[in-house]
Amino acid sequence: MRISLNVKYLLSFLVFGLCCFLCISSVTSHLMMENAVSTKADAFYQEGLCLSDQYVVNYFEEQENRKNLSTIQSHLTSLDVYLNARIWLISRDGELILSSGGEQPHQIIPEFNSVLPGGKYYMTGDFFGMFSEETLSVLIPVSHNYHVRGYIAIHTPMSVIVEEKEGYLFSFYVTMVLLLVLAFLFTLHLWLTTCLPIRRIRKGAGEYALGNFQTPIHMDREDELGFLADTMDFMAEALKDYDEDQRKLISNISHDFRSPLTSIKGYIEAMLDGTIPPELQEKYFNIVLRETERLTKLTSGLLTLNSMDPKQNRLCRTRFDINTAIKNTAATFEGTCTAKRISIELLFTDRESYVWADMGKIQQVLYNLIDNAIKFSQPDSVITVETTLKYEKLFVSVRDTGVGIPKDSLKKIWERFYKTDTSRGKDKKGTGLGLAIVKEIIQLHDENINVISTEGVGTEFIFSLSLAEGEAARMRPEQSE
């Protein structure tokens, strides 16, 4: 059964109040009763000792002279009123000699025993069958010349002690009520500062789940709930951006697929219906082939990006010479560079520079960067690929003197399908995936890549690689020379 936080708070408060009441009515009441009995017994015992030393012991000293008991009787009566207790003078044999309550003297207390249960000087009960109600009885020995001559017994009904205890216990109940009021106020405050914000967060999360990211949860708080609300607002903004990016991605994919497919469809239909004569079909077949290659390249790029998952993708790191990898990659562009009259200049920090990375993926990075540089370079220009050793890292730079990248586009060039030429006039063969793939590969290596560009001047991409073990120590002396 689902129980809301409001009900849980209410139940917790009620259970707390019930536990407080049971604790006071049982444990506290029992402890107070024991303390009241013990305190009353101590007071009676002290009064009994004073009575014994000052008056009663004289009776036993002068008993042979048969002294009048009226003086002792008056003291017993006075103490009876003061203590609100019945006082007896008892012989060693259990004979009742005097009583402040009017009991007949010379009664024999049946089964009288000066040793009370538990070895204490007081007991609760009927005092050897002498009372019909539960009574607290304190027995004080009267000694003379180190011999016990008799006893003083002081009795008070337990109901009197219970009334006193209940009077004190009432103050505990009043305190408990005040504490419950404070607990209720505290619970109310906790509910206002916890449950209501949680309800607000839950409502906001429900809106986010429905795709409504327009209303932020924002809470002006510096605690965990405020941090949670800010985190969820940040998540909503990220989801909103992701949703927009996804729409842009679908739009770009649709555009990049639709254009070549439309061309292919149009040319094939024109050839089939005779619009394009047979002598020109070879030309348009080549166009269809190029568009097909463009679709193949686009599909391969998407598959490559889809595989760039840090949790699933595994790098095959090896020790290899980055200089050789750069030379081999640059050689693949010889035909393109010759056609555009572009030269590639290679500048290496050492004859050999061994790095620890996935050679196949780093070659793909180099290929995409050099291809990008050639694509946006002017004829009769130079592309420079340079390696530099800094901070125990090897930095690879690919620099061109092409058209450059607009300042407002520098942060967007890593996005999938993004092209700085929005009209796609300069880059008809591009897919907009090359730099996104480069970024993913470098991040998989836990390295960084940066770009420096000025419109009309050129662009430089710089990425870092980890040196192979022992390579930094080998190269450092040569660098210092």
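Note that the coordinates shown come from a computational prediction; the quantities given were computed from them, not determined experimentally.

Rules behind the numbers
- Residues numbered from 1 in each chain as written.
- Predicted model: local features only at pLDDT ≥ 70, side-chain atom pairs only at ≥ 80, totals over all residues.
- Heavy atoms only, no water.
- Helix = DSSP H or I, 4+ residues; strand = E, 2+ residues; numbered from the N terminus.
- Buried < 20%, exposed > 50% of the residue type's maximum accessible area, 1.4 Å probe, protein only.
- Contact = heavy atoms within 4.5 Å.
- Areas by Shrake-Rupley, 256 points an atom, 1.4 Å probe, with all protein chains shown as cover.
- Pairing = 2+ DSSP bridges.
- Axes fitted to C-alpha atoms, helices over the stretch in contact; angles between N-to-C directions.
- Salt bridge = Lys/Arg side-chain N within 4 Å of Asp/Glu carboxyl O.
- Phe/Tyr/Trp six-rings, centres within 6.5 Å; stacked < 30°, edge-to-face > 60°.
- Lys NZ or Arg CZ within 6 Å of the ring centre and 35° of its normal.
- Polar contact = N/O pair within 3.5 Å; in protein donor to acceptor, adjacent residues only side chain to side chain.
- Left-handed = near helix turned anticlockwise from the far one by under 90°.
- Nonpolar A, V, L, I, M, F, W, Y, C, P; charged D, E, K, R; others polar.
- Core = buried A, V, L, I, M, F, W, Y, C linked by side-chain atoms within 4.5 Å.

A few words now on the overall build of the protein chain. For the protein chain, the helix and strand inventory stands at 10 helices and 13 strands. Split into buried and exposed, the 481 residues of the protein chain put 38% on the buried side. The long-range share in the protein chain, meaning contacts at least 24 apart out of those at least 6 apart in sequence, stands at 66%. Accessible surface computed for the protein chain: about 28,800 Å², of which carbon and sulfur atoms make up 56%.

What follows is about the sheet that holds strand β10 (residues 382-390). Across the sheet, five strands lie side by side as β8-β10-β11-β13-β12; this open sheet has mixed pairing. Pairing within the sheet leaves two strands with one partner each, and these edge strands are β8 (343-347) and β12 (449-454). Taking the axes of each pair of neighbouring strands and ignoring which way they run, one obtains an average angle of 15° across the sheet. Here six bridges tie β12 to strand β13 (residues 458-466), and the two strands are oriented antiparallel to one another.

For the rest of this paragraph, the subject is the environment of Gly-17. Considering the arrangement of structural elements, one finds Gly-17 in helix α1 (residues 5-61). Distance in space between the C-alpha atoms of Gly-17 and Val-181 is 9.9 Å, their sequence separation being 164 residues.

Here we take up the pattern of salt bridges. Evaluation of the coordinates by the stated rule reveals nine salt bridges. In this structure, the salt-bridge partner of Glu-166 is Lys-165, at a minimum N-O distance of 2.8 Å. Among the ionic pairs, Glu-269 bridges to Lys-265, the shortest N-O distance being 2.7 Å. Linking Glu-269 with Lys-265, this pair stays in helix α4 (residues 224-272), spanning four residues, or about one helical turn.

Moving on: the sheet that holds strand β1 (residues 86-91). The six strands are arranged β3-β2-β1-β6-β5-β4 in an open sheet whose pairing can be described as antiparallel. Of all the strands in the sheet, just β3 (107-108) and β4 (122-125) have a single pairing partner and so form its edges. Relative to strand β5 (residues 135-144), β4 runs antiparallel, the two sharing four bridges. Within β5, the residue paired with Thr-124 across the bridge is Leu-136. Sheet strands touched by helix α3 (residues 158-209): β4, β5 and β6 (147-157). Its angle to β6, the strand with the most contacts, is close to 55°.

Our focus in this paragraph is the packing of aromatic side chains. What the rule picks out here adds up to 11 aromatic pairs. Measuring from centroid to centroid gives 5.6 Å for Phe-13 and Phe-184, while their planes differ by 65°, and the two rings are edge-to-face. Of this pair, Phe-13 sits in helix α1 while Phe-184 sits in helix α3, and the two are 171 residues apart along the sequence. Consider the rings of Tyr-45 and Tyr-121, whose centres lie 4.7 Å apart with planes at 50°: the pair is tilted. On the criterion of sequence distance, the pair formed by Tyr-45 in helix α1 and Tyr-121 in the loop between β3 and β4 is long-range, its members being 76 residues apart. A relative accessible area of 22% means that Tyr-45 is categorised as partly exposed. Taken together, the ring pairs in this structure connect Trp-88, Phe-112, Phe-127, Phe-128, Phe-131 and Tyr-151 into an aromatic cluster. Above the ring of Tyr-354, the side-chain terminus of Arg-319 is found at 4.1 Å from the ring centroid.

Further remarks concern helix α9 (residues 434-444). For the α-helix, the turn length of 3.6 residues means that residues three or four positions removed from each other point alike. All of the buried residues in α9 are Leu-435, Ala-436, Ile-437, Val-438, Ile-441, Ile-442 and Leu-444. One or two positions beyond α9, positive phi appears at Asp-446, with a value near 60°.

What follows concerns the side chain of Ser-100. With respect to the helices and strands, Ser-100 occurs in the loop between β2 (95-99) and β3. The class for Ser-100 is buried, based on a relative accessible area of 13%. Of the polar contacts made by the side chain of Ser-100, one reaches the backbone nitrogen of Ile-87; its length is 2.8 Å. Ignoring anything within four residues of it in the chain, the contact list for Ser-100 reads Gln-73, Leu-76, Thr-77, Asp-80, Ala-85, Arg-86 and Ile-87.

At a closest axis distance of 9 Å, the pairing of helix α8 (residues 359-375) and α9 adopts a crossing angle of 150°. α9 is crossed by α8, and the crossing has left-handed handedness. Residue-level inspection shows Lys-361, Gln-364, Val-365, Asn-368, Leu-369 and Asn-372 of α8 in contact with α9, the latter providing Gly-434, Leu-435, Ile-437, Val-438, Ile-441 and Ile-442. Broken down by class, the residue content of the contact of α8 with α9 amounts to seven nonpolar, four polar and one charged.

Core analysis: the largest hydrophobic core is formed by 38 residues, its most contacted members being Ile-322, Leu-366, Leu-369, Val-396, Phe-461, Phe-463 and Leu-465. Broken down by secondary-structure element, the contributors of at least two residues to this core are α6 (322-331), β9 (354-357), α8, β10, β11 (393-400), α9, β12 and β13. Take this core: its biggest share by element is seven residues, from α8. Once residues lying within four places of it in the same chain are set aside, the contact partners of Leu-369 are Val-398, Leu-435, Val-438, Ile-449, Phe-461 and Phe-463. Ranked by size, the runner-up nonpolar core spans 26 residues in total, among them Met-33, Leu-89, Leu-136 and Ile-152.

Purely geometric numbers; function is a separate question.
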